[in-house]
Amino acid sequence: QVQLVESGGGLVQAGDSLRLSCAASGRTFSSYYMGWFRQAPGKERDFVAAIGWSGGIRMYADSVKGRFTISRDNTKNTVYLQMNGLKPEDTAVYYCAAAATLASMRRAGGVDYWGKGTLVTVSS
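Described in the following lines is the structure provided in the data block. (Residues numbered from 1 in each chain as written. Predicted model: local features only at pLDDT ≥ 70, side-chain atom pairs only at ≥ 80, totals over all residues. Heavy atoms only, no water.)

**Section: the sheet that holds strand S3 (residues 18-25)**
Item 1. Spatial strand order, S1-S3-S8-S7: 4 strands in an open sheet with antiparallel pairing. If you trace the sheet from one side to the other, it starts and ends with strand S1 (3-7) and strand S7 (68-73), each paired once. Mean inter-strand twist for the sheet, computed between neighbouring axes without regard to direction, equals 15 degrees.
Item 2. Where S7 meets strand S8 (residues 78-83), 6 bridges bridge the pair, whose relative direction is antiparallel. Each bridged residue has a counterpart across the sheet, and for aspartate 73 the counterpart in S8 is threonine 78. (Pairing = 2+ DSSP bridges. Helix = DSSP H or I, 4+ residues; strand = E, 2+ residues; numbered from the N terminus. Axes fitted to C-alpha atoms, helices over the stretch in contact; angles between N-to-C directions.)

**Some words on the state of the cysteines**
Item 1. This model, assessed by the stated rule, comprises 1 disulfide.
Item 2. The disulfide that involves cysteine 22 links it to cysteine 96, with 2.1 Å between the sulfurs. As the torsion about the S-S bond is roughly -85 degrees, the cysteine 22-cysteine 96 disulfide counts as left-handed. You can see cysteine 22 sitting in strand S3 and its partner cysteine 96 sitting in strand S9 (residues 92-99), a full 74 residues away along the chain. (Disulfide = S-S within 2.5 Å.)

**Focus: the pattern of salt bridges**
Working definition: two side chains of opposite charge can pair if their charged atoms are close together.
Item 1. Summed over all chains, the structure comprises 3 salt bridges.
Item 2. A salt bridge links lysine 65 to aspartate 62; the nearest nitrogen and oxygen atoms lie 3.2 Å apart.
Item 3. Judged by relative accessible area, which is 65%, aspartate 62 ranks as exposed.
Item 4. Measuring nitrogen to oxygen at the nearest pair gives 2.7 Å for the salt bridge that ties arginine 67 to aspartate 90. (Salt bridge = Lys/Arg side-chain N within 4 Å of Asp/Glu carboxyl O. Buried < 20%, exposed > 50% of the residue type's maximum accessible area, 1.4 Å probe, protein only.)

Shown next as structure tokens:
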């Protein structure tokens, strides 16, 4: 079992930065691929970023490449999402996710564990 708790969301202006954190419980944190999804009102939950066990593998949605950076600290059981150059279209609830494989992490249906989400609102 892995429990995930997100933090760091808030209201910012376009162009600002935010860093989301996801604290995980469970001794097997380091064995999971970790990632972030987001869901805007009335839309599906979409993949944002994923990171492998050691941090050597990272993947991003095209919409956030060059602006967002995912990282993890296995000693703290925490994964981060640094978001720079935020745009109004980044407004969404951001969910932390854990999956057994990298392929599973690319789609919401493949995720094994979810956090409850943290709201990011970007004003224009």
